[in-house]
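Coordinate inspection notes
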Amino acid sequence: MHNLIPILIAAVGLATLLNVVLKKINMPTVIGYICTGAIIGTVFDIHVHGNETLEHIAEFGVVFLMFSIGLEFSVSHLKSMKKEVFLFGLLQVGLCAAVFAAISHLIFDIELKAAIIVGFGLALSSTAIVLKILNETGKIKTEVGRNSLGILIFQDIAVIPILLLITIFTDTGRSLSELLLSTSMNAVLALGILIAIGKLALGHIFKAVAGTNSKEIYMGSILLTVVGASYIAHHFGFSYSLGGFIAGMMIADTIYKYQVEADLIPFRDLLLGVFFVSVGLQIDFNIVAANIVAVIALGAGVILVKTLAIFCLLLFSSSKKVALKSAITLCQVGEFSLVVFSLVMANKMMDPTAVQILMVIVIASMVIAPFLINNVEFLSGVLIKSKIEEEALDQSSMLGGHVILCGFGAFGRVVSEQLDESRINHVVLTNNTESFVKAKESHKTVVFGEPDDRDTLERLKIRDAMSVILALDDFEDVKKASASITLIDPKIKIIAKIPSEEERHELEDFNHELLLDGNQQTATVLVDQINRSRLLTKETATLQYLDDYSFDNPGETIQKIEREQTRLLDVISRSFNGLREEKDIMHIKAFHDSFKVLSEIIGGVITELMSSTSLSPKEYERINILLDNQHQLISMNDTLEKLGHELKAMKKDDKTKSLSEMTVEGLDAILLTLKDIAGDYDEDDMLMLEGITSNKKGGLFRIRESYLGAERDLDASGKSLLLSSTNHIDRLRSLFGQIGSNYRRLSEGV
Amino acid sequence: MLRIELENDDCGLHVMRLSGALDGLTYLDLLKAFNQSIEKEAKRIVLDMNEVDYVSSAGLRVLLQGAKALKETEGEIVLFGMNSGVKEVFSLSGFKTLFRTFSSEYDAVSTS
């Protein structure tokens, strides 16, 4: 037996070194671990086969991975993914196994029974690699992620009948019916025990453990659950990992899901690392060297055939690009295949060298897999050109933009209600059982966990969140959560409620966007701030010209400001459409708010340009016109916002309904003319705009006179509304004319 | 739905009798009619608005486009027979200052 300490030091040192380098070039740590295993195995002459302790430790990496997958898989979730799991999974395993079995038997002349097992073995993909990368990159929620996850879950379940098949093919002592009967009975017993414990005891155990407020006891209970469930499954002849998966599913339906997951991640990742090192240990460089051509050719063949088969079967339900991306994601052979091939070798179903070659192919495909998955966008883009809309849809499903609301006490509930009113997607995080129940009863998206737990916050995609609100009653908790969030990323914006002004200085080290005290009023200001941030993010994301500018070339930047500014007219035009389409006032308000944020961005660039660069007199004159336009446009938006409210009110009265509708059409016609001038200046258009906006108030006066006259019979509030709205119409017409004049000056090359 | 009936003489006078709504769904029909008249060297297009019950911003814009095209040949568009709602939209938008409007066909055709 080797001295363990130097091997451990060498393995940990090498893995750390390799992973630091790999992370720098944006590659997954899986490759680092496998390479570490291969190098350590060769240098110290260690092999994983026959080393039962190492095999078990390594297997528990997969158990913990499957447990954490199970946590994502409540029974209801599994039902919602039945198509991906049971249809795609069955077809994938069936089709790939048939193709590989046929090739093995017909081309490589492998005996039929062994060929069938080889077929099933090669049909399996690597749950450990694929899910780790999809989780890390957040792609698990995309269509490709769903397809892959569904198929992998089925593959993990399929391992049981595959192992059974090996027993049937090699066990000559018992009949097929006997084997099937004993397996079925074991399955019923194992599932029955696990489900009974999960449903009846697990919730109570975790409640009691959470009540002790001890992290240590909590961790112990998680380990007991995982190891206990996998032992029960193994005892009845199933894999350890299936037990882990079922245990995870049992906890998925309890409120402790996220906290368990957060506490488990360090264990899972560490043990998975050991598992991947053990995979690397199985690489026998002598066999690789002797059969290098066969390994490369067969490895490439397996990957190609598997990609093609998965692509073809997914084409029936997904777009070409999604089918190809899913196929590339699943084209490698997985860790369970190594278990299958080990049994083939142990049962002498095939020549040992051939099995060794197969195992090297499996490992090689696992090494290549991260490269393929990380470059799946590029590879699928080269092979299939998809429509832009389809791409955008795929990307958008990965975006965050939510709010994390920590705490659901009296204040948290008010905030949550206001967020709902503003239709802001948010998730509640609370460590209080009572608050959790209240949030559930109010149909909130709620997670049970500590607001200062970094893993929980990461699980809630804090980096993609628009903001984090700390609505916690205890100021110590606010400080702890602020520190954790700052450790994750100092740029994450925090909005917190503090008991009084005195505590403000204690939070100075953190990136607080807003610190407030009070309850109802605080909540209103806070949600307004969130709304503003949301719009700012949205408008910044949709900037068409000022998304990239430089003060080194002021002429070009001025041109970009000019173009971006014309987009403000588009926003105003959309608010006109909102009035016409009878959208509610909140919907129209959103356009006005959007305008304010976009104009703030443009105004900011104008100010920055004027203060940071030396401009020529002509450029100063041009920017001065844009600045004036900016003021006129802001004034236009304000006036229109007020007029919008008045027109809505006038529409409710039959006597002024038609006037309200005609006003929208009339002003929109002028705005469209102004937009033409702003987009592509034409003197004839300008002369017309001048004509219709000139200060001849005759028409408007006559309308006002006729509506204020006795025959219309308007009441006092109706008359007041009419006076106010016609004043606003007059103001708008004048603003349209002034902005048009500014565009004339710009076209004259000022 | 907008129906357009065209009557024209050899002196470049084109009378278009419109009926229905002049809005985002129908403005292209009027634009097409304008283009055909301009091709036939129309100098004066008279729009009979008696049967027009609604004019939207898109309708107003097509009038502007027609006026702009006729301006090149020193022609013009005039209108008559507008109902009170259409008159309101002309007044509110300031289009009344760009287009001459008449109460009768006789005035619209004969006034130079």
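Moving on, we come to the overall build of chain A. The helix and strand tally for chain A stands at 31 helices and six strands. Per-residue burial for chain A yields a buried fraction of 44% across its 750 residues. In chain A, the proportion of contacts linking residues at least 24 apart, taken out of those at least 6 apart, comes to 71%.

Next up on the list: the confidence of the model for chain B. Averaged over chain B, the pLDDT score is 90; the fraction of residues at 70 or greater is 99%. Under the prediction, the complex receives an ipTM of 0.91, its pTM being 0.46.

What follows covers the confidence of the model for chain A. All names here are of chain A. Residues with a pLDDT of 70 or more make up 87% of chain A, whose mean pLDDT is 81. Mean pLDDT per element in chain A: helix α19 (residues 388-396) is the minimum at 36, and helix α6 (residues 112-123) is the maximum at 92. Note that pLDDT drops below 50 for residues 386-399; the model gives that stretch 13 contacts with residues more than four away or on any other chain.

Let us look at the interface of chain B and chain A. The interface is formed by 19 residues belonging to chain B together with 25 residues belonging to chain A. Looking at the side of chain B that touches chain A, the elements that each hand over two or more residues are α2 (57-71) and α3 (84-93) of chain B. Of the residues assigned to the side of chain B that touches chain A, the class counts are seven nonpolar, seven polar and five charged.

Turning next to helix α1 (residues 27-39) of chain B. Residues and elements named next belong to chain B. The end-to-end C-alpha distance of α1, which contains 13 residues, comes to 18 Å, matching closely the 18 Å that a straight helix rising 1.5 Å per residue would cover. Every buried residue of α1 is listed here: Y27, L30, A33, F34 and S37. Buried residues of α1, seen end-on, are gathered within an arc of 120° and therefore sit on one face of the element. Opposite the buried face of α1, at more than 90 degrees from it, the exposed residues are L28, K32 and E39. Buried residues along α1 sit in contact with β1 (2-8), β2 (13-22), β3 (44-55) and α2. E41 sits one or two positions beyond α1 and adopts a positive phi of about 60°.

What follows deals with the pairing of strand β4 (residues 76-80) of chain B. Residue and element names in this part refer to chain B. The pairing of β3 with β4 spans five bridges and is parallel. Counted as the bridge partner of L47 is L79 from β4. Considered for its hand, the β-α-β crossover made up of β3, α2 and β4 is right-handed. Pairing of β4 with strand β5 (residues 100-102) involves three bridges; the strand directions are parallel. Each residue of the ladder has a partner; that of F80, found in β5, is F102. Remark: the β4/α3/β5 crossover connection has right-handed handedness.

With that settled, consider the packing of helix α5 (residues 82-107) of chain A against helix α8 (residues 143-170) of chain A. All names here are of chain A. It is the contact of α5 with α8, at a shortest axis distance of 8 Å, that shows an interaxial angle of 70°. One finds that α5 runs roughly perpendicular with respect to α8. Like other packed secondary-structure pairs, α5 and α8 cross with a definite hand, here right-handed. In this structure, α5 contributes E84, V85, F86, F88, G89, L90, Q92 and V93 to the contact, and α8 contributes R146, N147, L149, G150, I151, I153, F154, Q155 and A158. Here the contact of α5 with α8 is composed, by residue class, of ten nonpolar, five polar and two charged.

A few words now on the sheet that holds β2 of chain B. All names here are of chain B. Read from one edge to the other, the open sheet built from five strands follows the order β1-β2-β3-β4-β5, with strand pairing classed as mixed. The sheet is open, and its two edges are formed by β1 and β5, each paired on a single side. Sheet twist, expressed as the average angle between the axes of neighbouring strands with direction ignored, equals 25°. Running at roughly 140° to β4, α2 makes contact with β2, β3 and β4 of the sheet.

The next point concerns the nonpolar core. In this structure, I34, I363, C406 and L470 of chain A are the most contacted members of the largest nonpolar core, which totals 154 residues. No other element matches helix α17 (residues 352-374) of chain A, which puts 13 residues into this core. When residues are assigned to domains, this core turns out to be shared by domain 1 (47-390) and domain 2 (403-534) of chain A, each giving three or more. Those residues in contact with I34 of chain A that sit more than four places away from it in its chain are F276, V279, G280, I363, M366 and V367 of chain A. I588 and Y743 of chain A together with L63 and V89 of chain B belong to the second-largest nonpolar core, a separate cluster that totals 82 residues.

Before going further, it helps to spend a moment on the environment of L470 of chain A. Residue and element names in this part refer to chain A. Looking at where L470 falls in the secondary structure, it is placed in strand β4 (residues 467-470). On the basis of neighbour count, L470 is assigned to the buried category, with 29 C-beta atoms found within 10 Å. The sequence separation of L470 and I494 amounts to 24 residues, and the corresponding C-alpha distance is 7.3 Å. Contacts of L470, omitting those with residues within four sequence positions, involve C406, G407, V478, A481, S482, I494, A496 and K497.

Inspection of the secondary structure puts L598 of chain A in helix α26 (residues 585-612). Counting along the chain gives 56 residues from L598 of chain A to T542 of chain A, while the straight-line C-alpha distance between them is 9.6 Å.

Another aspect to go through is the environment of L112 of chain A. Residue and element names in this part refer to chain A. Here L112 is to be found in helix α6. Overall, the presence of 10 C-beta atoms within 10 Å leaves L112 in the exposed class. With eleven residues separating them along the chain, L112 and A101 place their C-alpha atoms 7.8 Å apart.

Time to look at the pairing of strand β2 (residues 426-430) of chain A. Residues and elements named next belong to chain A. Extensive coverage of β2 is indicated by the burial of four of its five residues. Inspection of the sheet shows strand β1 (residues 403-406) paired to β2 by four bridges, in the parallel sense. When the bridges of β2 are listed, V403 appears paired with H426. Between β1 and its parallel partner β2, the chain crosses via helix α20 (residues 410-421), and the hand of that crossover is right-handed. Pairing analysis gives three bridges linking β2 to strand β3 (residues 446-448), with the strands arranged parallel. Pairing of L429 across the sheet is with V447, part of β3. In terms of handedness, the path from β2 via helix α21 (residues 433-441) over to β3 forms a crossover that is right-handed.

Cut-off values and rules
- Residues numbered from 1 in each chain as written.
- Chains lettered and ligands numbered in written order.
- Predicted model: local features only at pLDDT ≥ 70, side-chain atom pairs only at ≥ 80, totals over all residues.
- Helix = DSSP H or I, 4+ residues; strand = E, 2+ residues; numbered from the N terminus.
- Buried ≥ 20, exposed ≤ 12 C-beta atoms within 10 Å, placed from the backbone.
- Contact = placed C-beta atoms within 7 Å.
- pLDDT = per-residue confidence, 0-100.
- Nonpolar A, V, L, I, M, F, W, Y, C, P; charged D, E, K, R; others polar.
- Expected span 1.5 Å × (residues − 1).
- Arc of directions from axis to C-beta.
- Pairing = 2+ DSSP bridges.
- Right-handed = clockwise from strand over helix to strand, strands pointing away.
- Axes fitted to C-alpha atoms, helices over the stretch in contact; angles between N-to-C directions.
- Parallel < 35°, antiparallel > 145°, perpendicular 65-115°, else oblique.
- Left-handed = near helix turned anticlockwise from the far one by under 90°.
- Core = buried A, V, L, I, M, F, W, Y, C linked by C-beta atoms within 7 Å.
- Domains from an automatic or database assignment.

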